[in-house]
Amino acid sequence: MSLHDDAALVLKGYDDPADPAQGELRQVYLDHLAHHPDGMWKACGAGHLTASALVIDPERGRVLLTLHRKLRMWLQMGGHCEPQDASLADAALREATEESGITCLTLLAGGPVRLDRHAIPAPCHWHLDVQYAALAPSGSTEQISDESLDLRWFAYEEVASVADTSVVRLMERARAALDRR
């Protein structure tokens, strides 16, 4: 199965009954893939899907955020899909591992926890981010990557004071998914 086909399958199965806007956004993503065979790749000028993961340490009630080198914002780990990624989940896990330096991360079962569409500078126009939650093993140690200015753990209640609304919403949805498991 191609990455494009995997993304369409994942999105068809995605549902967030608590937030009807997520269903509308899911359809935007599916329409994008239907009209853009290259919609998974950075080269797609109309926008492209990206994959990210919020790294969570549920034992300590905290999340790991990266101070993005280019954007200078505290964000979850994530980025562009690569040809070696077999699935969106693989891309999210690869990005989270690369950017956090934590090996043995595991994605929270159940698929993505949120979708977030955001404008980016030209030549492309949109990132259509498919967001997962990744669980950090007990006692894991992070290591900063070249893509970050800083890497830091934040208690759940601190996130709103350092990150934008999209990260706060991602954390809320990830915590809700954790509670359901």
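Provided above is the structure to which this section pertains.
Notes on the structure in this doc start here. (Residues numbered from 1 in each chain as written. Predicted model: local features only at pLDDT ≥ 70, side-chain atom pairs only at ≥ 80, totals over all residues. Heavy atoms only, no water.)

### Quick notes on the overall build of the protein
Along the protein, the regular secondary structure elements total 5 helices and 8 strands. Counting from the amino terminus, helix and strand elements in the protein follow one another as α-α-β-β-β-β-α-β-β-β-β-α-α. Along the longest, intermediate and shortest principal axes, the C-alpha atoms of the protein span 45 × 35 × 30 Å. A burial count over the protein gives 49% of its 181 residues as buried. A fraction of 66% describes how many contacts in the protein between residues 6 or more apart in sequence connect residues 24 or more apart. When the accessible surface of the protein is split by element, carbon and sulfur atoms take 52% of a total near 9000 Å². Of the charged side chains in the protein, 17 are positive and 27 negative; the average position of the first set lies 3 Å away from that of the second. (Helix = DSSP H or I, 4+ residues; strand = E, 2+ residues; numbered from the N terminus. Buried < 20%, exposed > 50% of the residue type's maximum accessible area, 1.4 Å probe, protein only. Contact = heavy atoms within 4.5 Å. Areas by Shrake-Rupley, 256 points an atom, 1.4 Å probe, with all protein chains shown as cover. Lys, Arg positive; Asp, Glu negative; His and termini not counted. Charge placed at Lys NZ, Arg CZ, Asp CG, Glu CD.)

### Section: the layout of surface pockets
If you add up the space inside the largest pocket, you get close to 980 Å³. In terms of lining residues, the largest pocket is bounded by 32 residues, among which His68, Leu71, His80, Ile120 and His127 are the most central. Of all the elements in the fold, those that place two or more residues in the lining of the largest pocket are strand 1 (48-57), strand 4 (77-80), helix 3 (88-100), strand 6 (114-119) and strand 7 (126-135). The biggest single contributor to the lining of the largest pocket is strand 4, with 4 residues. (1 Å grid on protein atoms, 1.4 Å probe; cavity = no way out; pocket = protein on both sides within 12 Å on 5 of 7 lines; lining within 4 Å. Points joined across faces, edges and corners; volume = space filled by probe spheres on them.)

### What to know about the pattern of salt bridges
Side chains that differ in charge, positive against negative, can pair when their charged atoms come close. The final tally for this structure, using the stated rule, is 7 salt bridges. A salt bridge links glutamate 95 to arginine 94; the shortest N-O distance between them is 3.1 Å. Each member of the pair glutamate 95 and arginine 94 is classed as buried. The salt bridge involving aspartate 116 is made with arginine 114; its shortest N-O contact spans 3.6 Å. Taking the relative accessible area as the measure of exposure, aspartate 116 reaches 13% and is therefore buried. A relative accessible area of 6% means that arginine 114 is categorised as buried. Residues joined in a network through salt bridges with shared partners are Asp85, Arg94, Glu95 and Glu98. (Salt bridge = Lys/Arg side-chain N within 4 Å of Asp/Glu carboxyl O.)

### Focus on helix 2 (residues 20-35)
Given 3.6 residues per turn, any residue in an α-helix points the same way as the ones three and four places further on. Look at helix 2: 23 Å from first C-alpha to last across 16 residues, which is about the 22 Å you get at 1.5 Å a residue. Gln22, Leu25, Tyr29, Leu30, His32 and Leu33 are the residues of helix 2 that are buried. One side of helix 2 carries all its buried residues, which in axial view fall inside an arc of 155°. Counted as exposed and oriented over 90 degrees from the buried face of helix 2: Pro20, Glu24, Ala34 and His35. Elements that come into contact with the buried residues of helix 2 comprise helix 1 (3-13), strand 1, strand 6 and strand 7. (Expected span 1.5 Å × (residues − 1). Arc of directions from axis to C-beta.)

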